[in-house]
Number of protein chains: 2
Amino acid sequence: MTVQTVHFSRGIPPLEAIPSTAIAEHTSAVLAAEPDRVFQYAPIGRHTGDQELREQLGKFHSVDPDRVFVTNGSLQALDLLAAHLLRDAVEPQVLVEAPTYDRAVQIFERHGAQVSGVPLRHDGVDLNVLRERLRTKVPAFVYVIPDFQNPSGVTTSEDKRRELVRLSAEYGFTILEDIPYRELRFSGTAPTRLGELAESTDGAHVLTIGSLSKVLSPGLRVGYVIGPPGTPHALAALAESTYLSPAPLLQVVAARALANGLIRENTEHVRRLLRPRHDAAVEAVRQTLGDVHLCVPEGGYYISVHLPIRTDEESFLAAARKDGLALTRGSAFYPADSAPPSGTVFLRLPFQALDGEEFAEGVRRLAAAAERAA
Amino acid sequence: MTVQTVHFSRGIPPLEAIPSTAIAEHTSAVLAAEPDRVFQYAPIGRHTGDQELREQLGKFHSVDPDRVFVTNGSLQALDLLAAHLLRDAVEPQVLVEAPTYDRAVQIFERHGAQVSGVPLRHDGVDLNVLRERLRTKVPAFVYVIPDFQNPSGVTTSEDKRRELVRLSAEYGFTILEDIPYRELRFSGTAPTRLGELAESTDGAHVLTIGSLSKVLSPGLRVGYVIGPPGTPHALAALAESTYLSPAPLLQVVAARALANGLIRENTEHVRRLLRPRHDAAVEAVRQTLGDVHLCVPEGGYYISVHLPIRTDEESFLAAARKDGLALTRGSAFYPADSAPPSGTVFLRLPFQALDGEEFAEGVRRLAAAAERAA
C-alpha cells in the first residue's frame, strides 16, 4: 500500500477559494463592453494603473486613488519598490522579520541590499533587538508582513505597530508592509494597518503592498502599492522602463470585481472555508506536538512550529519525505544572518488546502519523524 | 481656425490593426473550457511559460519549445535578460545601434551597464566601427533591432547579419536581437533571423526577443525569448523572484490565436493595412524633404530622417509643436556617447497610424519648420 503524501508545502489558494466562474462572467462582460481598450497598450506617461481599479482600491482602503499604483502581482511591487528605495543608497541595509518571505529576501539582495533579520516573536518583531540595530545603523527600509505572516502566521500587535511607526519617524526609515492575507481574519479584531497609523504620525513613512491573489484570483496577477502622494508617479516611471504596464483587461476585471461586491462576497466565502481548517490545524498541533507553535494565527494560511530535532534539517526533511510528508525547507525563510533557535527546525505548515483529517495525519507523521530524529 | 495636430510621436498600433472582437471570442472560449486553470497561479519551479504557447511559438519560429521562455511583454524580457547577462559582469559594456530604442538603453543602464552606440547605416551598424570597438573591449552583449528598426526603420542586411554572428563567435559576446516588427514586411525578402544564423555558426551566441504586440495585441502583454537550451530555465528562476509568471489566461489566449491561424490572418491584414501608409510616407518624405531619410523601410512602423537645422533641437521641437506637429525628441534615441550628424536633428516619423494625406501634411509642416530653422 502506498501512502498518500501530505503536502505541507506551497501556500497557494485551494481551487474552491477562487470564484472562477464569476470572474469568467465578469471578463466576458468587460470584453463585450470595451474590447478595443483592453487589447491596446495602456496609456503611457506616468501611468499608475487603470483609473477605475485605482478608484476601487482607494475606496477599499479609504485612501485617495492618487496614492494607489497597480502592478503585475505583488511580487512585482516588491521588485519595483526595492529598485526605487535602494537606487541611490550606499551599502544599503534592509531589516526583515526572521523568519520572513524568502522571495522578498532574494529580491532585496538582487537590488544590492545587505538583508538582516530581526527575530520574530508571537506578536511581531522583537523591538528591543530592533532598537539596538537602529542605534547602530539606520536601514534603507524595514520589511514586515504584519498580518498572518508568511511563513509564521504571526500578526503584529497594535502596540508593536504603533512603536514601529514611531521608530520610522524617529530614525527616518521607510516601512514596507506587505498585506496579502490581511482580509482573511477568522476571529479576533484586526489591528490598524501601519500605513494608516503613519498618517497621524509626523515624519513616519510607510508603503503598503496589497494583492488580490488571496481574495479573488492569483491568475489575474493584480498587486498594488499604497504610498504617499508622489510614490505612484515615481514607480510608474520605473515600471514604464521595466514592463510598461500590467495587462489592461485583467485590471478592468479586478475593478469590476471590487465594484460589484464579488471580492467582498468571496472574501466572506474564503473565511468560512478556511476557518474550520485553521481551527483543526491549531488543535492538531497543540494535541500532537505540544507547545511548539509560534502563535495561534487567527487568519491567513499558515501555522508554524519550531520543532526540536537532533539531526540536521536536511536529513530530517529527507526522512520526512520518505514517510509521506512534503515540507518546505524552513531555513530558507531566514535571511543569511539568522536561524531558528538552536536544536530546532522551523516548519511552515500551510492549512488552507487541507481538511482537518489530512492536516492531523500530517502532524502525526511529523511527530513520528521528530521522535526518530530526537 | 485651429489646426489639427499631426502626431509623429508614439509607435502604437492603430486600433484597426488589433483584432479585438476575435481575441474576445477566443478569450470567452478559453474561459468556458478551463476557468479553473487560468485564474490559479501558474506552476512554479523553473516554469518557462504556458506549455501550449511555447509549443506554438516554437512551431512559429521552427525551434524546439524548450528553447522558448514567455514574459510579460518583450520589455520585461529585455529587463530579465539584462539582469541575467550583466549579473556577474565587472564594469560591463553594452553596444547598441545609434539610434536605438530608448527604453532598452534605460534598462541596460539600470542594470549597471555602460551603454555605447555604434553608428547605424541604411543596412545595419557600421561594421568597421564595431570591429574597432571589439578590438578595444569585448562587450557583455550587443543589442540590435535588425528588422524595420525602432526608431529608424533600418533593416540589417543579410551580409551584415552573417558578419555580426561571425563576430559573436570570434570575440565571444552575446547578441540580443529584438524582433517585434519582423513579420510586418510589405515588400522585398526577409533576411535570415540572427538566432537562426547562429545555429550553424560554432561559438556564436544569439538570444532572440519576440512580441505579439504588433501582430495580435499589445494589451495581452505577451513577449518571449528564444535562446539556447538552458537560457529559459535561468530566466525562469529570475522571473520567479521578480513577478512569478505572466497571467495564465493571456498566455492561453495567445496560444489559441497562434494555433488556429488568427495571428497569421491578422498579420496579413496588418500588412495590407500598412503597406499603402508606408508607400505614401516614403513618397512624401522624398518629394518634400529630399534625400534625408536613413532608408526605405519596406516594413514596420517607422521612416526616419536626419533633417538639417540651424537652431538647437529643443527650439526646433517647440516651434514645430506650435505649428501643429507632435514629434518625439530624436536625441533620446541616442545613447549618451552618440548623436545625430552635426547640424541635423534625428526625427522618427511613425506612419502606421496616419493615412497618406495626414502624413504628407505633417511632412509639409516639417519642411516649413526646417526652413525657418535653417
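Here, residues in each chain are numbered from 1, in the same order as that chain's written sequence. Key to labels: chains lettered from A, ligands numbered from 1, both in the order written. The model is predicted, so local features are restricted to residues of pLDDT at least 70 and side-chain atom pairs to those at 80 or more, both for listing and for counting; the totals for chains, interfaces and linings are taken over all residues. Values shown for side chains rest on all heavy atoms present in the structure; no hydrogens or waters enter the calculation.

(A) Spotlight on the relation of the copies chain A and chain B. Copy-to-copy alignment: least squares on C-alpha atoms, limited to residues at pLDDT 70 or above in both. If you rotate chain A by 180° and push it 0.0 Å along the axis, it lands on chain B with an RMSD of 0.0 Å. With respect to symmetry, the two chain copies, as superposed, fit the operation of a two-fold axis. Across chain A, the smallest distance between a C-alpha and the rotation axis is recorded for S28(A), namely 3.0 Å. In this assembly, 98% of the residues forming the interface of chain A have copies in chain B that are likewise at the interface, indicating an isologous arrangement. The contact rule is simple, with two residues in contact once any of their heavy atoms fall within 4.5 Å.

(B) Representation of the domain arrangement of chain A in the model. Residues and elements named next belong to chain A. Domain start and stop positions are those given by an automatic or database domain assignment. Entries for chain A in the domain assignment read domain 1 (6-18 + 264-373) and domain 2 (21-260). Averaged C-alpha coordinates put domain 1 and domain 2 at centres separated by 25 Å. Counting from both sides, the interface comprises 31 residues of domain 1 and, opposite them, 34 residues of domain 2. The working definition used for a salt bridge is a side-chain nitrogen of Lys or Arg within 4 Å of a carboxyl oxygen of Asp or Glu. Our enumeration of links across domain 1 and domain 2 arrives at three salt bridges. Its salt-bridge partner being R185, residue E298 comes within 2.9 Å of it at the nearest N-O pair. Between N or O atoms, a polar contact is any pair within 3.5 Å; within protein, one atom must be a potential hydrogen donor and the other a potential acceptor, and residues adjacent in sequence are included only when both atoms are from side chains. Between domain 1 and domain 2 we count twelve residue pairs in polar contact (both at pLDDT 80 or more) in total. Secondary structure counts use DSSP, requiring at least four H or I residues in a row for a helix and at least two E residues in a row for a strand, with both numbered from the N terminus. Of all the secondary structure elements, the ones that give two or more residues to the side of domain 1 that touches domain 2 are α11 (262-289), β10 (302-308) and β12 (344-350). Tallying contributions element by element places α11 first for the side of domain 1 that touches domain 2, with eight residues. Lys, Arg, Asp and Glu make up the charged group, whereas Ala, Val, Leu, Ile, Met, Phe, Trp, Tyr, Cys and Pro make up the nonpolar group; the residues left over, Gly among them, are polar. Looking at the side of domain 1 that touches domain 2, its residues break down into 17 nonpolar, eight polar and six charged.

(C) The arrangement of the pairing of strand β3 (residues 93-98) of chain A in detail. All names here are of chain A. For β3, a buried count of six out of six residues is recorded, marking the element as mostly surrounded by other parts of the structure. Pairing between two strands requires that DSSP report at least two bridges joining them. Pairing geometry for β3 and strand β4 (residues 114-121), over six bridges, is parallel. Opposite V96, over in β4, you have G117 as the bridge partner. Seen with its strands pointing away from the viewer, a crossover is right-handed when the path leading from the first strand over the helix to the second is clockwise. Between the parallel elements β3 and β4, the chain passes through helix α5 (residues 102-110) in a crossover that is right-handed. Examined bridge by bridge, β3 and strand β6 (residues 141-144) share three bridges and lie parallel to one another. Bridging across to β6, V94 finds its partner in F141. Three labels apply to residues, based on accessible area from a 1.4 Å probe with only protein chains included: buried if under 20% of the type maximum, exposed if over 50%, partly exposed otherwise in between.

(D) Here's a closer look at the pattern of salt bridges. Counted under the stated rule, the structure contains 52 salt bridges over all chains. Note that E52(B) is salt-bridged to R256(B), the shortest N-O span being 2.9 Å. Here E52(B), found in helix α3 (residues 51-61), pairs with R256(B), found in helix α10 (residues 248-259); they are 204 residues apart in sequence, far enough to count as distant. Take E52(B): its relative accessible area is 24%, and that puts it in the partly exposed class. One salt bridge in this structure joins R67(B) and E199(B), with 3.3 Å as the shortest N-O distance. Here the residue R67(B) occupies a position in the loop between α3 and β2 (68-72), and E199(B) occupies one in helix α8 (residues 194-199), the gap between them amounting to 132 residues. Connected via shared salt-bridge partners are E34(A), R37(A), D50(A), E52(A) and R256(A).

(E) Broad picture of the sheet that holds strand β9 (residues 222-226) of chain A. Residue and element names in this part refer to chain A. Sheet architecture is open: eight strands sit in the order β2-β9-β8-β7-β6-β3-β4-β5, paired in mixed fashion. At either margin of the open sheet sits one strand with a lone partner, and together these are β2 (68-72) and β5 (124-125). Pairing of β2 with β9 involves five bridges; the strand directions are antiparallel. Opposite T71, over in β9, you have G223 as the bridge partner.

(F) Layout of the UniProt feature "domain: Aminotransferase class I/classII large" (unreviewed entry) in chain A. UniProt positions are given in the numbering used here, feature names are shortened, and annotations may be inferred rather than shown by experiment. Per the UniProt annotation, the sites labelled "domain: Aminotransferase class I/classII large" (unreviewed entry) are residues 29-364 of chain A. Helix makes up 43% of residues 29-364 of chain A and strand 18%, and the two end C-alpha atoms of the span are 48 Å apart.

(G) Representation of the side chain of N72(A). Assignment of secondary structure puts N72(A) in strand β2. With sequence-adjacent residues up to four places away left out, N72(A) is seen in contact with R221(A), Y243(A), S245(A), P246(A), A247(A), N72(B) and Y243(B).

(H) Seen up close, the side chain of R221(B). In this fold, R221(B) is placed in the loop between β8 (205-211) and β9 (222-226). When charges are counted, Lys and Arg are positive and Asp and Glu negative, with His and the chain ends excluded. Here R221(B) sits buried without a salt bridge, and the closest side chain of opposite charge, E240(A), lies 11 Å off (N-O distance). In terms of polar contacts, R221(B) uses its side chain to reach the backbone carbonyl oxygen of Y243(A), at 3.3 Å. Within the structure, R221(B) has its side chain in polar contact with the backbone oxygen of S245(A) (distance 3.4 Å). With near-sequence residues (within four places) excluded, R221(B) lies in contact with Y41(A), Y243(A), L244(A), S245(A), P246(A), A247(A), T71(B), N72(B), G73(B) and S213(B).

(I) A look at the packing of helix α4 (residues 73-86) of chain A against helix α9 (residues 231-240) of chain A. Residue and element names in this part refer to chain A. Angles here are taken between N-to-C directions and fall from 0 to 180 degrees, while the axes themselves are lines fitted to C-alpha atoms, restricted in helices to the stretch in contact. It is the contact of α4 with α9, at a shortest axis distance of 10 Å, that shows an interaxial angle of 110°. Judged on the interaxial angle alone, α9 and α4 are roughly perpendicular. Seen from α4, the contacting residues are L80, L81, A83 and H84; seen from α9, they are A234, L235, L238 and A239. Along the lines of polarity and charge, the residues of the contact of α4 with α9 split into seven nonpolar, one polar and no charged. Under this scheme an angle from 65 to 115 degrees is roughly perpendicular, one under 35 degrees roughly parallel, and one over 145 degrees roughly antiparallel; angles in between are oblique.

(J) Region of the structure containing α5(A). For α5(A), every residue scored as buried is listed here: R103(A), A104(A), V105(A), I107(A) and F108(A). In the core, the buried residues of α5(A) are packed alongside α4, β3, β4, β6 and β7 (174-178) of chain A together with α9 (231-240) of chain B.

(K) Just the interface of chain A and chain B, in detail. Contacts between chain A and chain B engage 47 residues on the former and 46 residues on the latter. Of the roughly 4,000 Å² buried between chain A and chain B on both sides combined, carbon and sulfur atoms contribute 59%. For the pair chain A and chain B, the number of links is two salt bridges. Ionic pairing is found between E240(B) and R103(A), a salt bridge with its closest N-O pair at 3.6 Å. In this description, buried area is defined as the sum, over both parts, of the accessible area (probe of 1.4 Å) that is lost when the two are combined.

(L) Molecular detail of the sheet that holds β2(B). Residue and element names in this part refer to chain B. As summarised here, the arrangement of the eight strands in space is β2-β9-β8-β7-β6-β3-β4-β5, forming an open sheet in which the pairing is mixed. The sheet is open, and its two edges are formed by β2 and β5 (124-125), each paired on a single side. Sitting on the sheet, α9 is in contact with β2, β8 and β9, with an inclination near 30° to β2.

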